[in-house]
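Listed below, chain by chain, are the residues.
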Amino acid sequence: MSCPLPAGFHALPLPIVQLSLAAVLKCGQSFRWSIFPLSSGTLPPSYPTHEYRLCLRDRLICLRQSPDTLYYKTVLPPRSTHTSSINDGETVKEETLAWIRDYFQLDVDLVYLYSDWSKRDPVFRTFRNRFEGIRMIRQDPWENLVSFICSSNNNISRITKMVTSLCEHFSPPLLSLPPPELYPELLASSLVSPPATPLSEPSLLRSSQQENIPQDDSLWTYHPFPSPAALASSSVASTLRSLGFGYRAEYVQKTAQMLHEAHPPNSKNVDGAEKWLKTLRSMPTDEAREVLLGFMGVGRKVADCVLLMSLDKKEVVPVDTHVYQIAMKHYGVSPSSKTKSKGKIPMTPKIYDQVNTKLAEVWGDYAGWAHSVLFTADLKSFSTYGLDAPEKMPTRSPSELLVGLPTPPMTPSPSPVKTSGKRKKSAVPVQGASGILDREISIDGGLQVDLGLSLAERVKKRRRVSTSR
DNA sequence: GGGTTACCGGGG
DNA sequence: CCCGGTAACC
């Protein structure tokens, strides 16, 4: 009933209602996953349709998903001797599995949450079945912060390009890898069950397709997310400008500088700032928000996104223009006492709090998670199933492919650096990309903010502004 | 002080 | 002209 185990992968039993990679990895939480279609046609229902790849500091994570199983594979850089212990395959596997459990927060029962939200909210009830498996992922705060500084007045497609560009230009490549192998036409075109003798061996797959489909022998090069130190120098701003970051260029560089200066890396601790950001997880929501608001380019909305998506503040509901529209349409939030006759109603801090509070009490403890389901449902790339159900087909862009629909040729999104064969694109050198797997770190006493002048002033200044409520 | 405005750059 | 906003300015 299930498909053969893909070569090199391990299997983790996991119902799709608990996690839908296709939805979660494209709904604008993380912007750094590469997505490869596994077939140019239609596969049997039990087969994974895509491979998803994410470059961590020391390894590449590769995932596939069938209706009842999550498949995972770890790729280490060549001659990697970083893990002081032997590169025991079993150890690597366990580390990656632990990372998966943490990243996808698999201890949280999404099915229970869905039923609770349905109980609380008739609006949620109406579309819950069309959007299963949408959960909050637990991201790295530094990457998350920078990504969402880039998100202001912007769209997912461009944010993805910017984040990709950021990694390619400010972080050395970790490793290169060919794209996943396509399933053979024979299997792909079969609308029924797989052939009696499943072509599961890579060698078979290859030989059967080599005639028809030109084998893509080019390599994809993967870069980890750059450190604060790599983005801290003032020259970075102009480089980012030239890379098309617009006015966000200064925001990113300034924020990196603030963090880098307040928590400089030392021999003992190569990324002090990144670890310090993680300590905000143990801080009360309001305090952590005040800290975030101190960074350049971070307003209420971006701060709330970081709180929810990387600092464990599951109750926080970020309010963007989409959510605002939804709140007015479905949750009885009224625009403003004095309605401007102009068609567009501006988002004010007051409105923000109004929507935020309303949705938080409708959805309860995990309100932020529910918001994510709603937001995903409203995304244009999912709109055929969305809140305003069937009407316009979304304009298909390579980065916004609908799950399960026939997919265009191998054009993963977001794209890592693609190199043909031998030469690799080089990147700005940065301190060693060694280090360990991203994971929970212990809190070392630096909770009191030794933020340095500029940041300290900023925090104070912003605090005055933001305490209206 | 809460409400406007300019702001990079890409896409419809 | 719109956009998953923010900083600066009245």
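Residues numbered from 1 in each chain as written. Chains lettered and ligands numbered in written order. Predicted model: local features only at pLDDT ≥ 70, side-chain atom pairs only at ≥ 80, totals over all residues. Heavy atoms only, no water.

1. Focus: the overall build of chain A
Consideration 1: Summing up its helical and strand segments, chain A has 18 helices and eight strands in all.
Consideration 2: Expressed as a percentage of its 469 residues, the buried residues of chain A come to 52%.
Consideration 3: Contacts spanning at least 24 positions in sequence make up 74% of the contacts within chain A whose residues lie at least 6 apart.
Consideration 4: As displayed, chain A has an accessible area near 21700 Å², and 56% of this comes from carbon and sulfur atoms. (Helix = DSSP H or I, 4+ residues; strand = E, 2+ residues; numbered from the N terminus. Buried < 20%, exposed > 50% of the residue type's maximum accessible area, 1.4 Å probe, protein only. Contact = heavy atoms within 4.5 Å. Areas by Shrake-Rupley, 256 points an atom, 1.4 Å probe, with all protein chains shown as cover.)

2. Focus on helix 17 (residues 367-378)
Consideration 1: Here helix 17 spans 17 Å end to end across 12 residues, near enough to the 16 Å set by a 1.5 Å rise per residue.
Consideration 2: Burial analysis of helix 17 places 12 of its 12 residues in the buried class, the great majority of the element.
Consideration 3: Among all positions of helix 17, only Ala367, Gly368, Trp369, Ala370, His371, Ser372, Val373, Leu374, Phe375, Thr376, Ala377 and Asp378 are buried.
Consideration 4: Buried residues along helix 17 sit in contact with helix 3 (110-120), helix 4 (122-127), helix 14 (300-310), helix 15 (321-330) and helix 16 (349-363). (Expected span 1.5 Å × (residues − 1).)

3. With respect to the nonpolar core
Consideration 1: Trp117 and Leu292 are the most contacted members of the largest nonpolar core, which has 81 residues in total.
Consideration 2: Not counting residues within four places of it along the chain, the set of residues in contact with leucine 292 comprises Leu145, Leu280, Val298, Ala303, Val306, Leu307 and Leu311.
Consideration 3: With 23 residues, the next largest nonpolar core counts Leu12, Ile35, Leu54 and Ile61 among its residues. (Core = buried A, V, L, I, M, F, W, Y, C linked by side-chain atoms within 4.5 Å.)

4. Notes on helix 5 (residues 141-149)
Consideration 1: Of all nine residues in helix 5, nine are buried; the element is thus mostly enclosed.
Consideration 2: For helix 5, every residue scored as buried is listed here: Pro141, Trp142, Glu143, Asn144, Leu145, Val146, Ser147, Phe148 and Ile149.
Consideration 3: Elements that come into contact with the buried residues of helix 5 comprise helix 6 (156-170), helix 9 (228-232), helix 11 (248-262), helix 12 (272-279), helix 13 (285-293) and helix 14.
Consideration 4: Its side-chain oxygen at 3.1 Å from the backbone nitrogen of tryptophan 142, aspartate 140 defines the N-terminal cap of helix 5. (Polar contact = N/O pair within 3.5 Å; in protein donor to acceptor, adjacent residues only side chain to side chain.)

5. Some words on unusual backbone geometry
Consideration 1: Here asparagine 153, not a glycine, exhibits a phi torsion of approximately 50°, which is positive.
Consideration 2: Among the secondary structure elements, asparagine 153 is positioned in the loop between helix 5 and helix 6.
Consideration 3: When its relative accessible area of 71% is taken as the criterion, asparagine 153 is described as exposed.
Consideration 4: Of note, the phi angle at aspartate 312 is positive, near 65°, even though the residue is not glycine.
Consideration 5: With respect to the helices and strands, aspartate 312 occurs in the loop between helix 14 and helix 15.

6. A short note on the state of the cysteines
Consideration 1: All told, the structure shown has zero disulfides when counted by the stated rule.
Consideration 2: Cysteine cysteine 3 shares no disulfide, and the gap to the nearest cysteine sulfur, in cysteine 62, comes to 16 Å.
Consideration 3: For cysteine 3, a relative accessible area of 6% puts it in the buried group.
Consideration 4: Considering cysteine sulfurs only, cysteine 55 is the nearest to cysteine 62, which forms no disulfide, with 10 Å between them.
Consideration 5: The class for cysteine 62 is buried, based on a relative accessible area of 0%. (Disulfide = S-S within 2.5 Å.)

7. Quick word on the sheet that holds strand 3 (residues 50-55)
Consideration 1: The strand order 1-5-4-3-2 describes an open sheet built from five strands, whose pairing is antiparallel. The two strands at the open ends of the sheet, each matched to only one other strand, are strand 1 (10-13) and strand 2 (34-37). This sheet shows a mean twist of 25° between the axes of neighbouring strands, independent of strand direction.
Consideration 2: Where strand 2 meets strand 3, four bridges bridge the pair, whose relative direction is antiparallel. Following the sheet pairing, proline 37 is matched in strand 3 by histidine 50.
Consideration 3: The sheet strands contacting helix 2 (residues 89-103) are strand 1, strand 3, strand 4 (60-66) and strand 5 (69-75), and the helix crosses strand 5 at an angle near 125°. (Pairing = 2+ DSSP bridges. Axes fitted to C-alpha atoms, helices over the stretch in contact; angles between N-to-C directions.)

8. Some words on the side chain of threonine 221
Consideration 1: When you line up the elements, threonine 221 lands in strand 7 (residues 219-222).
Consideration 2: Here the side chain of threonine 221 touches serine 176 through a polar contact of 2.8 Å, side chain to side chain.

9. What about the side chain of arginine 138?
Consideration 1: Residue position: arginine 138 is located in the loop between helix 4 and helix 5.
Consideration 2: Its relative accessible area of 12% is what places arginine 138 among the buried residues.
Consideration 3: For arginine 138, the side chain forms a polar contact with the side chain of aspartate 102, separated by 2.8 Å.

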